[in-house]
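Structural overview
Each chain, letter by letter, is given below.
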Amino acid sequence: MYIFSSERAKIIFLIALLIGILITVSFFVVRIFGIGNINNNISSTKNLEDWIIKNVTFIRDSEMVISRNIVILENGTLIIKNSKIYMNLRYDGQYAIIVYGNLTIIDSLLTSYDKEFNYYIKVFSTGSITIKNSEISYAGYSWGDNGDKSGLWIHTNSVLIENSIIHHNYYGIFLYKSNKTILYNVTIKYNSFYGMFLLNSSYNVIHNCDISRNGRDGLFISSSSWNEITKCNISNNSGNGVTLLDSVGNILKDCQILSNKMNGINAKSIYGNIISTSEISNNSLNNILLVSSSYNKFLSCNITTGGLSGIYMLSSENNDISLCKIMNNTASGIYMTSSGFNTVYKIIILYNTYGINLDYSNANFIIESSIGFNDLYGIYLHSSHVNSIVGSN
């Protein structure tokens, strides 16, 4: 007996074959273009058009490869939960996630399908983003406009990122004119340039974060004020641990700033910042470099084993260094050049080459401090006048 003894059997076979082909193609489209495992709030399903999110869209318990831009409009919401999202690019910056509405990422992975090419994320002032227990990686490839193609770029207020890992981005996280953002228990590491960059951003809280092993500075704060950085580890970065530039009133407390390849804290043109109860040690250049800065306070810090000086002050006035231990720095414990009206109060300065070295620096106050066992001089003055040394030994 022949299997296809009639024309009818042949037709049935061809129909079954066609159905099998359609199922295979449909699976391929879902896998590559991300049209399955979500509700139907997509304006277009053409492969190369943007995926426009207009309403509430869920991606849940899914693994998807996306080969186009994702654009979340102002009234749109994309919620990604317990999923893995891979952006599939043929060159850097080909696709991006653009947020005018709301993006929420929970218990999920967002990364590049081919680690050679990076997408980027832009959250505009009308939008919002929340990231919890998630991983963001391989985002960003250039500075763009105000950093908007740098990785995870946030230009909105009141963002929450917690219990998450940000790694192998161009910049880890970039806050631009972003206020009242909270980062809690976030690991930011192995990014090509800066771990975290704040530009014109204020009243943000960075707490219990690990910002380490980035290609430039761990944390860069520029023209940004009244931010709080507490209980963070900022270590082993290839540039400075923390850079403060043109910034006012920031608080850095209970942090470890260790073993960075340049300065532990690199500060220029800052005013009224407070660095307290922190360990700032083993940095390759100076543990703290302070340039053209005034009315800052360094309180109860351990500042040890700097490649050059514990604190290097250039053209800086009216700063307060109190209750610190400054030990085992290769050059000076404190070096001031062209600096005046600074106060050194109740500090311990031991085992440096120079304890305190004043160069062209006038009208400084050294009060009730212990300065000993330094290789050359406890206090050395060069072309420096009207300095007061009171109750120190």
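Since the model is a prediction, treat every value here as computed from it, not as a measurement.

**As for the overall build of the protein**
- Helix and strand counts for the protein stand at one helix and 44 strands.
- Across the 393 residues that make up the protein, the buried fraction comes to 51%.
- Total accessible area on the protein stands at roughly 17,200 Å², and carbon and sulfur atoms take up 54% of it.

**Here we look at the side chain of threonine 111**
- One can find threonine 111 in strand β9 (residues 109–112).
- At 2.7 Å, the side chain of threonine 111 forms a polar contact with the side chain of serine 137.
- Setting aside residues no more than four positions away along its own chain, threonine 111 makes contact with Ile85, Tyr86, Met87, Tyr119, Ser137 and Tyr138.

**Here we look at the confidence of the model for the protein**
- Summarising the model, the protein shows a mean pLDDT of 91, and 88% of its residues fall at 70 or more.
- Under a pLDDT of 50 for its full length, residues 1–5 has, in the predicted model, four contacts with residues more than four places off or in other chains.
- Within the model, the stretch residues 23–46 combines pLDDT values under 50 with 49 contacts to residues more than four positions away or in other chains.

**Observations regarding the nonpolar core**
- If you look at the biggest cluster of nonpolar residues, it comprises 75 residues, and the most contacted ones within it are Ile173 and Ile334.
- Excluding anything up to four places from it in sequence, isoleucine 334 contacts Ile311, Ile321, Ile326, Val344, Ile347, Ile349, Gly355, Ile356 and Asn357.
- In terms of nonpolar packing, the next biggest core, distinct from the first, is built from nine residues, Tyr176, Tyr194, Phe197 and Leu199 among them.

**Brief notes about the packing of aromatic side chains**
- For the structure on display, the rule yields 24 aromatic pairs.
- Note on tryptophan 153 and tyrosine 176: the rings are 5.9 Å apart at their centroids and 20 degrees apart in plane angle, and the pair reads as stacked. In this pair, tryptophan 153 is assigned in strand β13 (residues 151–154) and tyrosine 176 in strand β16 (residues 171–176), connecting sequence segments 23 residues apart.
- Between the aromatic rings of tyrosine 194 and phenylalanine 220, the centroid separation amounts to 5.3 Å while the plane-to-plane angle is 75 degrees, which identifies the pairing as edge-to-face. Separated by 26 residues along the polypeptide, tyrosine 194 in the loop between β18 (187–189) and β19 (196–199) and phenylalanine 220 in strand β22 (residues 219–222) bring together distant segments of the chain. Phenylalanine 220 matches tyrosine 194 in its accessibility class, with the two residues each being buried.
- Ring-pair connections join several aromatic residues into one group, and the members of that group are Trp143, Tyr170, Tyr171, Phe174, Phe193, Tyr194, Phe197 and Phe220.
- Taking NZ or CZ as reference, lysine 115 lies 5.6 Å from the ring centre of tyrosine 138, over its face.

**Thoughts on the pairing of β13**
- Bridging between strand β10 (residues 120–123) and β13 involves three bridges; their strand directions are parallel. Looking at the pairing, lysine 122 lines up with tryptophan 153 of β13.
- Bridge count for β13 against β16 is four bridges, and the pairing is parallel. Each residue of the ladder has a partner; that of leucine 152, found in β16, is isoleucine 173.

**Overview of the pattern of salt bridges**
- Scanning the model with the defined rule gives three salt bridges in all.
- In this structure, lysine 346 and glutamate 368 form a salt bridge, with 3.8 Å as the shortest nitrogen-oxygen distance. Taken as a pair, lysine 346 in the loop between β38 (343–345) and β39 (348–350) and glutamate 368 in the loop between β41 (365–367) and β42 (370–372) lie far apart in primary sequence, 22 residues in all.
- Accessibility expressed as a relative area gives 40% for glutamate 368, which makes it partly exposed.

What counts and how
Residues numbered from 1 in each chain as written. Predicted model: local features only at pLDDT ≥ 70, side-chain atom pairs only at ≥ 80, totals over all residues. Heavy atoms only, no water. Helix = DSSP H or I, 4+ residues; strand = E, 2+ residues; numbered from the N terminus. Buried < 20%, exposed > 50% of the residue type's maximum accessible area, 1.4 Å probe, protein only. Areas by Shrake-Rupley, 256 points an atom, 1.4 Å probe, with all protein chains shown as cover. Polar contact = N/O pair within 3.5 Å; in protein donor to acceptor, adjacent residues only side chain to side chain. Contact = heavy atoms within 4.5 Å. pLDDT = per-residue confidence, 0-100. Core = buried A, V, L, I, M, F, W, Y, C linked by side-chain atoms within 4.5 Å. Phe/Tyr/Trp six-rings, centres within 6.5 Å; stacked < 30°, edge-to-face > 60°. Lys NZ or Arg CZ within 6 Å of the ring centre and 35° of its normal. Pairing = 2+ DSSP bridges. Salt bridge = Lys/Arg side-chain N within 4 Å of Asp/Glu carboxyl O.

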